[in-house]
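Working through the structure, step by step
Listed below, chain by chain, are the residues.
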Amino acid sequence: MQKLPFCPAEKLREIASVCPTPFHLYDEQGIRLTARRVREAFSWNPGFREYFAVKANPNPHILSILKGEGCGVDCASLTELMLAQAVGFRGEEIMFSSNMTPGEEYRLARKMGVIVNLDDITHIDFLKENGGIPEKICLRYNPGGELHIGNTTMGHPWDAKYGLTRPQIFRAIRLLQAEGVKQFGLHTLLASNSTDQAYYPTIAKMLFKLAKEAHEMIGAEFFMINLSGGIGIPYRPQETSADIFEISREVQKLFAEMIAPSGMNVNIASELGRYMTGPHGCLVATAIHEKHIYKEYIGLDACAANLMRPAIYGAYHHITVAGKENLPNDHIYDVVGSLCENNDKFAVDRPLPKIEIGDLVVIHDTGAHGYSMGYNYNGKLRSAEILLHPDGTFDRIRRAEAPKDYFATLDETEFYEKLVNQTEVDK
Ligand SMILES: *Cc1c(COP(=O)(O)O)cnc(C)c1O
């Protein structure tokens, strides 16, 4: 099966002629359509909200597009809360699903009136001292054991650092009720990049059951069940994407059976990251070297500092060469970056058309956990981000880092002036 980039070769060349590679390119139309599909799929639940996981793509322009489509945001740090505030998200449009949370972050979260998602029972006292306990609060559940979807083992929640155990959930609800909490939310995140249709229904069932029991046994009122993130995308050409409508229908059935009879007015929430923006971004790089030793290498002007997933997870990202989409993949390459790290490989033994120096190489599906995972190892600089609008125009929504950015935090040292006053080589 063929997997084409969302942006045709001609347009890529036009963009690259005004913005030097490498850059991450995002497809506004794709992001909007996905957000609308998710919203429509869950429209059976009037209070449904997708809280986009900011860590997946923390560019305020992207957050602003999602805000326009009715999404909220899920934050987990001080700067993510600041981004949310700057984009105009307010109060309950923001989830704060943090863990091992510093006091100042809880204090800001409480000042902003966001929905706090407690990751641990000891955080009750900690939050009390850092901002205070709100009337509505969410609890993150860790069921322990193994996660089974159908006959497959999907993961080992007992080995994850997140959430409260079942007995702790009940104890926390009682403690929080005594602190004046009136309404509770429940949350869990047990998978990453799951394209299994049964993932959301499986955790929905688990959370609905827990909410029902806590309601009946200790009178807990629930305002939200947060199914969190983890829905995957088809990174490989032969994979298909999860059907969000089918997933939602299954959740709706369980809701009707398990929650509706209680009479509680429960909003379903999601905190999707990858599913929302992953397919709607790509990393565009230029082939700058070829190397023929024991294997054939193509060297790009991008490196793992721009996209870390292949290096740290061995993750597959599809690659096409602009203008060569329909040529036979009759060459086998390792497509690599310039880090002094042998895992800096975007692809290993990948069949591709013959690549010439100067070709634009498109690394697909970098719209989530791409730019945001970047780092500065080897002093490599982060790339620009470009937004392609539905009408074919485009804007740079973040400039590339320059050496002065890399040196910025040395500004209190005697080296700073020398570092930033050096003449940079011409690009
Ligand atoms: C990372 C994360 C998400 C989003 O995960 P995706 O795999 O991108 O959908 C949602 N919620 C929390 C708490 C997270 O840590």
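Residues numbered from 1 in each chain as written. Predicted model: local features only at pLDDT ≥ 70, side-chain atom pairs only at ≥ 80, totals over all residues. Heavy atoms only, no water.

Here we look at the packing of helix 2 (residues 28-41) against helix 9 (residues 244-258)
In contact at an axis separation of 9 Å, helix 2 and helix 9 are set at 25° when each is read in the N-to-C sense. Regarding the angle of helix 2 to helix 9, the classification is roughly parallel. Where helix 2 crosses over helix 9, the handedness of that crossing is right-handed. Along its contact with helix 2, which presents Arg-37, Val-38, Glu-40 and Ala-41, the element helix 9 presents Ile-244, Phe-245 and Ser-248. (Axes fitted to C-alpha atoms, helices over the stretch in contact; angles between N-to-C directions. Helix = DSSP H or I, 4+ residues; strand = E, 2+ residues; numbered from the N terminus. Parallel < 35°, antiparallel > 145°, perpendicular 65-115°, else oblique. Left-handed = near helix turned anticlockwise from the far one by under 90°. Contact = heavy atoms within 4.5 Å.)

So, the pattern of salt bridges
Once the charged atoms of two side chains with opposite charge are near each other, the side chains can pair. The tally for this structure, following the rule as stated, stands at 19 salt bridges. Between Glu-28 and Arg-32 there is a salt bridge; the shortest N-O distance is 2.9 Å. In this pair, Glu-28 and Arg-32 both sit in helix 2, 4 residues apart, roughly one turn of the helix. The exposure class of Glu-28 is buried, given its relative accessible area of 9%. Notably, a salt bridge pairs Glu-92 with Lys-136, separated by 3.2 Å at the nearest N-O pair. You can see Glu-92 sitting in the loop between helix 4 (78-87) and strand 4 (94-96) and its partner Lys-136 sitting in strand 6 (residues 136-140), a full 44 residues away along the chain. What makes Glu-92 partly exposed here is its relative accessible area of 37%. Using a relative accessible area of 27% as the deciding quantity, one classes Lys-136 as partly exposed. (Salt bridge = Lys/Arg side-chain N within 4 Å of Asp/Glu carboxyl O. Buried < 20%, exposed > 50% of the residue type's maximum accessible area, 1.4 Å probe, protein only.)

What to know about the domain arrangement of the protein chain
Segmenting the protein chain into domains produces domain 1 (26-278) and domain 2 (279-410). Here the C-alpha centroids of domain 1 and domain 2 sit 32 Å apart. Taken residue by residue, the interface counts 26 residues in domain 1 and 23 residues in domain 2. Across the interface of domain 1 and domain 2, roughly 2,200 Å² is buried in total on both sides, 54% from carbon and sulfur atoms. A per-residue breakdown of the area domain 1 buries against domain 2 is headed by Tyr-26, Tyr-235 and Gly-278, which together make up 35% of the total. In this assembly, domain 1 and domain 2 are joined by 0 salt bridges. On the surface where domain 1 and domain 2 come into contact, there are 18 residue pairs in polar contact (both at pLDDT 80 or more). Breaking the side of domain 1 that touches domain 2 down by element, the ones donating at least two residues are strand 1 (23-27), helix 2, helix 3 (60-68) and helix 10 (274-277). Top element by residues in the side of domain 1 that touches domain 2 is helix 2. It accounts for 5 residues. The class makeup of the residues in the side of domain 1 that touches domain 2 is 12 nonpolar, 9 polar and 5 charged. (Domains from an automatic or database assignment. Buried area = accessible area lost by both parts, 1.4 Å probe. Polar contact = N/O pair within 3.5 Å; in protein donor to acceptor, adjacent residues only side chain to side chain. Nonpolar A, V, L, I, M, F, W, Y, C, P; charged D, E, K, R; others polar.)

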